[in-house]
Amino acid sequence: MRIGITYDLREDYGISEDSSVFADFCQPSEISYLADAIRECGWEPVSIGNMHKLYQWLRADNPRPDLVFATDEGILSRNREAIVPALLELAGIPCIGSDAYAMGLSQNKYHTKLAARQLGLYVPGCLYIPHGQEKLEAYLHAGMKRNKLEFPVVVKPNCEGYSMGVGVASNPRELAEQVRWNMEQYHDAVLCEAYIRGEEVYVPVVGTGTDAYALGIGACKYEDGSPIDIFSLGDKCFRAIRDEAASFGAAADRTLRKHALSIHRHLQCRDLSRSDFKVDEAGKAWFLEINPRPGLTPGGPFETCARAAGKTYAGVIGEIVRSAAARCSLFPGSKGE
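Once a new chain begins, its residue numbering starts again from 1 and follows that chain's sequence as written. Given that this is a predicted model, residues contribute local features only at a pLDDT of at least 70 and side-chain atom pairs are listed and counted only at 80 or more, while totals for whole chains, interfaces and linings are drawn from all residues. Side-chain calculation: all heavy atoms of the structure are included, whereas hydrogens and water are not.

(A) Molecular detail of the sheet that holds strand 1 (residues 2–6). Being paired, for any two strands, means DSSP has found at least two bridges between them. Labels follow the DSSP assignment, with helices taken as runs of H or I lasting at least four residues and strands as runs of E lasting at least two, numbered in each case from the N terminus. Strand order in the open sheet formed by 4 strands is 2-1-3-4, with parallel pairing between adjacent strands. Looking along the sheet, the strands with just one partner apiece sit at the ends: strand 2 (44–49) and strand 4 (95–96). Looking at chain direction, strand 1 and strand 2 are connected through 5 bridges and run parallel. Residue Thr6 lies in a different strand from strand 2, and its bridge partner there is Gly49. Along the sheet, helix 3 (residues 51–59) makes contact with strand 1 and strand 2, crossing strand 2 at roughly 110°. Note on definitions: a residue-residue contact is assigned when non-hydrogen atoms from the two residues lie within 4.5 Å. Between N-to-C directions, angles cover 0 to 180 degrees, with each direction set by a line fitted to C-alpha atoms, over the stretch in contact for helices.

And the structure:
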């Protein structure tokens, strides 16, 4: 079975390595690591590149792979993560991962929070600030009061990822400055979110529908082992961090797994996702967001939780591919089958 891989590199968009604005890209070594895992499962990886290269590749009528593993992110569009699955659906090529609708909905953090709250998950209070909002200071003052938000608050763009634009505002001046900066850089609405003191954690999910399961619970730590409170772009790009399996007690762990599966299934995510939470000082899990196209980096969340569960990275990649193949009535051969 031939498996195409879509991905973004910084050079595709002329983004420098030290950019403090855009960072949601793959490293060539990450794509090689994923390709090696696909080979280890007995399948043939096919490198495609970003959405623009996929579009040209389809127009050139190249030999079609059996499946395409979408790992690209795109840039400066609320539709950016939905474009590849939409193109593949139009071309009649099965996609590993969620469809365009689930990708678009989950990319909108505010709409995802509304869905999560409806499911009974704890969600931090937030204020949605439309892009281009006039009389910004007055809007923020009224919105903070209406939503019973107090400083400090977390500020983030509504439709970005990789902690791009995430910051903490301690007073009205900082809040207005950070909101304006985010709007200027990302041309998007901004969220002002209640600050939850605690540890940020993640729950990778593998599978689709009733077959989906939570792979484990993990957290990123600073190199000295201290927990990360607010996971910023600076932390991800310019500080030494490591992933570790995490546990907060049997009851809290069950809740984290249950909530990750609940939002994964409700949004009809397919094959894989990763939900992020904040566990506060009382052990309560607060839902932050879901990423149906999470990073599959060496030593990252999926490999960390796989190892803690007695599995290998390649083994979990194989489970993800088989989930997609089962949905599409494909029957891939692999070593050991």
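(B) The arrangement of the packing of aromatic side chains in detail. Aromatic pairing here means that ring centres of Phe, Tyr or Trp (its six-membered ring) are within 6.5 Å. Orientation follows from the plane angle: under 30 degrees is stacked, over 60 is edge-to-face, and everything else is tilted. Using the criterion set out here, one finds 5 aromatic pairs in the structure. Where Tyr33 meets Tyr313, the ring centres are 4.7 Å apart and the plane angle is 45°; that geometry is what we call tilted. Of this pair, Tyr33 sits in helix 2 (residues 28–40) while Tyr313 sits in helix 12 (residues 313–327); the two residues are 280 residues apart in sequence, bridging distant segments of the chain. A ring pair is formed by Trp181 and Tyr186, whose centres lie 6.0 Å apart and whose planes are at 80°; its orientation type is edge-to-face. Only protein chains enter the accessibility calculation, which uses a 1.4 Å probe; a residue is then buried when its area is under 20% of its type maximum, exposed when over 50%, and partly exposed in between. The class for Trp181 is partly exposed, based on a relative accessible area of 32%. The cationic tip of Lys284 hangs over the ring face of Tyr122; the distance from NZ or CZ to the ring centre is 4.4 Å. Charges are assigned to positions over rings by a cutoff of 6 Å between ring centre and Lys NZ or Arg CZ, combined with an angular limit of 35 degrees from the ring normal.

(C) Quick look at the nonpolar core. Ranked by size, the top nonpolar core spans 34 residues in total, and within it Phe69, Ile317 and Ile320 carry the most contacts. The element that contributes the greatest number of residues to this core is helix 12, accounting for 8 residues. In this view, Ile317 contacts Leu34, Ala37, Ile38, Phe69 and Leu296; residues no more than four positions away in its chain are not counted. For the purposes of this section, nonpolar cores are sets of buried Ala, Val, Leu, Ile, Met, Phe, Trp, Tyr and Cys residues that join through side-chain atoms within 4.5 Å. Counting residues in hydrophobic clusters, the runner-up holds 23 residues, among them Ala219, Leu256, Ala260 and Ile290.

(D) Spatial organisation of empty space enclosed by the protein. A cavity here means a set of 1 Å grid points, computed over protein atoms only, where a 1.4 Å probe fits but cannot escape. A pocket is an open set with protein on both sides within 12 Å along at least 5 of 7 lines, and lining residues have an atom within 4 Å of a point. Grid points are joined across faces, edges and corners, and a volume is the space filled by probe spheres set on the points. Summed over all chains, the structure comprises 2 cavities of 30 Å³ or more. Taken as a whole, the largest cavity holds about 60 Å³ of empty space. Around the largest cavity sit Phe69, Ala70, Thr71, Cys95, Ile96, Gly97, Ser98, Leu272, Pro292, Arg293, Pro294 and Leu296, which together line it. If you list the elements that add at least two residues to the lining of the largest cavity, you get strand 3 (67–70) and strand 4.

(E) Molecular detail of the sheet that holds strand 8 (residues 190–194). Spatial ordering of the open sheet is given by 5-8-6-7, a layout of 4 strands whose pairing is antiparallel. The open sheet has two edge strands with one neighbour each: strand 5 (126–129) and strand 7 (167–169). For this sheet, the mean inter-axis angle between neighbouring strands, taken without regard to orientation, is 25°. One ladder, built from 5 bridges, connects strand 6 (residues 153–157) with strand 8; its direction is antiparallel. Paired with Val154 across the two strands is Glu193, which belongs to strand 8. Its contacts with the sheet place helix 7 (residues 136–146) against strand 5, strand 6 and strand 8, and it is angled at close to 155° to strand 5. The strands touched by helix 8 (residues 172–186) are strand 5, strand 6, strand 7 and strand 8; relative to strand 6, the strand with the most contacts, the crossing angle is about 10°.

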